[in-house]
Amino acid sequence: MRKKAEFESARLMDFDFRKRVRATRLLARNLGLNEAALVGEIAQRNEEALLDLIAEQSSLSRESLARAYEHFCGEARQHLIAERGDPTPNRLG
């Protein structure tokens, strides 16, 4: 049971990471910013700090960036579900 729980946790973390990378790429592309540089910042910053960095590099407010990022997170989730399947946790019982 423990092994399956670890597998499920890893699977969900992988999905979340892929979603975050894809959403960051979409946001950067939409704003005309360097996608690779911003994706590289994901390992060093949480979402809040990443949005602060993007706000410094763009002329948009932090609030409007947060809304745009949430939109792209939803879009990234839909694309990943289509490619990799629904990440809903499997029952461990």
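My aim in this report is to walk through the structure given alongside it, one point at a time.

Reading guide: rules and limits
- Residues numbered from 1 in each chain as written.
- Predicted model: local features only at pLDDT ≥ 70, side-chain atom pairs only at ≥ 80, totals over all residues.
- Heavy atoms only, no water.
- Salt bridge = Lys/Arg side-chain N within 4 Å of Asp/Glu carboxyl O.
- Helix = DSSP H or I, 4+ residues; strand = E, 2+ residues; numbered from the N terminus.
- Buried < 20%, exposed > 50% of the residue type's maximum accessible area, 1.4 Å probe, protein only.

Now for the pattern of salt bridges. Summed over the entire model, instances satisfying the criterion amount to eight salt bridges. A salt bridge links R62 to D52; the nearest nitrogen and oxygen atoms lie 2.7 Å apart. Within this pair, whereas R62 is found in helix α4 (residues 62-84), its partner D52 is found in helix α3 (residues 47-57), the two being separated by ten residues in sequence. By relative accessible area, D52 is classed as partly exposed at 37%. Here the residues in one salt-bridge network are D14, R18 and R84, joined through shared partners.

Shape is all these values report; function is a separate question.
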